[in-house]
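The primary structure of each chain is shown beneath.
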Amino acid sequence: MRREQVILISGCSSGIGRAAAIEADRRGHSVFASARDPRSIASLGEQPGVRIRVLRLDVQDAPSCAAAVQSVLSQAGRLDAVVNNAGYAQYGSVEDVSIERWQAQFDVNVFGALRLTQAALPAMRRARSGTIVNVSSVGGKVSIPFAAPYCSAKHALEAISDALRVEVSPFGIRVAVIEPGTITTRFEARARHEADSFLKGAGPYSPFYPGAERAMDVDLRKGELPPEAVARVIVDAIESEQPRTRYPVTFLARLLIPLRRLLPDRYFDWQMRKMLKLPSPPSLSSDATRRPD
Ligand code: NAP
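The numbering scheme is per chain: residues are counted from 1 as the chain's sequence reads. Local features in a predicted model are, by the rule used here, given only for residues with pLDDT of at least 70; side-chain atom pairs are given and counted only at 80 or more, and totals for whole chains, interfaces and linings are based on all residues. Note: side-chain values were computed over all heavy atoms of the structure, leaving out hydrogens and water.

Chemist: Give a detailed account of helix α7 (residues 209–217), specifying residues and quantitative values.
Modeler: Each residue's exposure class comes from its accessible area (1.4 Å probe, protein chains only) as a fraction of the maximum for that residue type: buried when under 20%, exposed when over 50%, partly exposed otherwise. Only DSSP runs of H or I reaching four residues or more are called helices, and only runs of E reaching two or more are called strands; each is numbered from the N terminus. Of all the residues in α7, the buried ones are Tyr209, Gly211, Ala212, Ala215 and Met216. Taken end-on, α7 shows its buried residues confined to a sector of 160°, consistent with a single buried face. In this structure, the buried side of α7 is in contact with α5 (187–194), α6 (196–199) and α10 (265–276). Here the arc refers to the directions that run from the helix axis out to each C-beta atom. By the convention used here, residues are in contact when the closest approach between their heavy atoms is within 4.5 Å.

In structure tokens:
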């Protein structure tokens, strides 16, 4: 176990970020919990016996990231770990989701993590020590139809993490990626809200959305865990002298990620169509249940 860590976490108003702040504080670390609206996390710092300090941080705003890092450095004298947790999911077909919504998705989930990482790295490099924890998803390794904006953003975060891990290793900085499956938070409700217009609309993909919703509600919920389960893994990664490069969390994550690597693309497509109850492509329609060659 490493000494008491000074940890800055984004997106602590609810879910995984909030649970990670509480878990890290419980284990004796010095926690800076952040949110776009500090009022949403004020209660975190007010509980008896809790030492969590709260900060305003909007990952879409570079000066806000820099100010949050400066605030940690001036209060604690150092910054040992950053948890890039803030994020949300934009669902909808590739065609339905507007470019503006695609951009917003990448701005929070990819550039948001980048802004905070770039703000934190100079202090970590100077200290020749630090840990960056990027909260990705099963969607960072498996591209799920009707969730391409989210999955592609998480794929980008995974790719950045792989390069970053090697680039910062000479400075003694570690990079770990967390890959949760379905976790019980506000996440799914927000995702539905962001996709509401497609789910209720009457476009060419409308007949397919109910199957995708059912898959999200049933198939992808298997082995669902509370946010505290992810929080424990995040803090384990921070405490580790040599964290693993990736931490899948939930049974689904541990099953689906290696399976995706092993199965041929066409076979995986077929499984996805089956799960989403999509009609077969016209070339296969004479035998809808035929497996790909
Ligand atoms: P959540 O309860 O909705 O929490 C998301 C957090 O991100 C909130 O605190 C939210 O703050 C914050 N956020 C969103 N946009 C932000 C921005 N521009 N700047 C700063 N904060 C922002 O969902 P969660 O499940 O805990 O999600 C946390 C992370 O886990 C996300 O990266 C998500 O992709 C990942 N994840 C979740 C699941 C799951 O099933 N829940 C699965 C895999 C991965 P506001 O209150 O200000 O919006």
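Chemist: Please give an account of the pairing of strand β6 (residues 173–180) that cites residues and values.
Modeler: Counting buried residues along β6, eight of its eight residues qualify, which places the element largely inside the surrounding structure. What you see with β6 is no split at all: Ile173, Val175, Val177 and Glu179 on one side and Arg174, Ala176, Ile178 and Pro180 on the other are buried throughout. Strand pairing is assigned whenever DSSP identifies at least 2 bridges connecting the two strands. In this sheet, β6 lies alongside strand β5 (residues 130–135) in parallel orientation, the contact comprising six bridges. Considered in β6, the bridge of Asn134 is made with Val177. Call a crossover right-handed when, viewed with both strands pointing away from you, the route from the first strand across the helix to the second goes clockwise. The parallel pair β5 and β6, bridged by helix α4 (residues 148–167), forms a crossover whose chirality is right-handed.

Chemist: Talk me through the site of the ligand; I want residue IDs and the actual numbers.
Modeler: The cutoff for a nearby residue is simple: one of its non-hydrogen atoms must lie within 4 Å of the molecule or strand. Near the ligand, the surroundings consist of 28 residues, among which Ser13, Ser14, Arg36, Tyr150 and Thr185 are the closest. The contact in question runs from an oxygen atom of the ligand to an N or O atom on the side chain of Ser14, over 2.6 Å. Any pair of nitrogen or oxygen atoms within 3.5 Å is treated as a polar contact; in protein, a donor-acceptor pairing is required on top of that, and neighbouring residues in sequence qualify only through side-chain atoms on both sides. Here a nitrogen atom of the ligand and a side-chain polar atom of Asp58 are 3.3 Å apart. Each accessible area is a Shrake-Rupley result for a 1.4 Å probe, and residues are judged covered by the shown protein chains and nothing else. Considered on its own, the ligand offers 890 Å² of accessible surface; in the complex 95% of this is hidden by protein. Each residue is assigned to one of three groups, with Ala, Val, Leu, Ile, Met, Phe, Trp, Tyr, Cys and Pro labelled nonpolar, Asp, Glu, Lys and Arg labelled charged, and all others, Gly among them, labelled polar. Taken together, the residues of the shell around the ligand sort by class into eleven nonpolar, twelve polar and five charged.

Treat this as a map of the structure, not an account of what it does.
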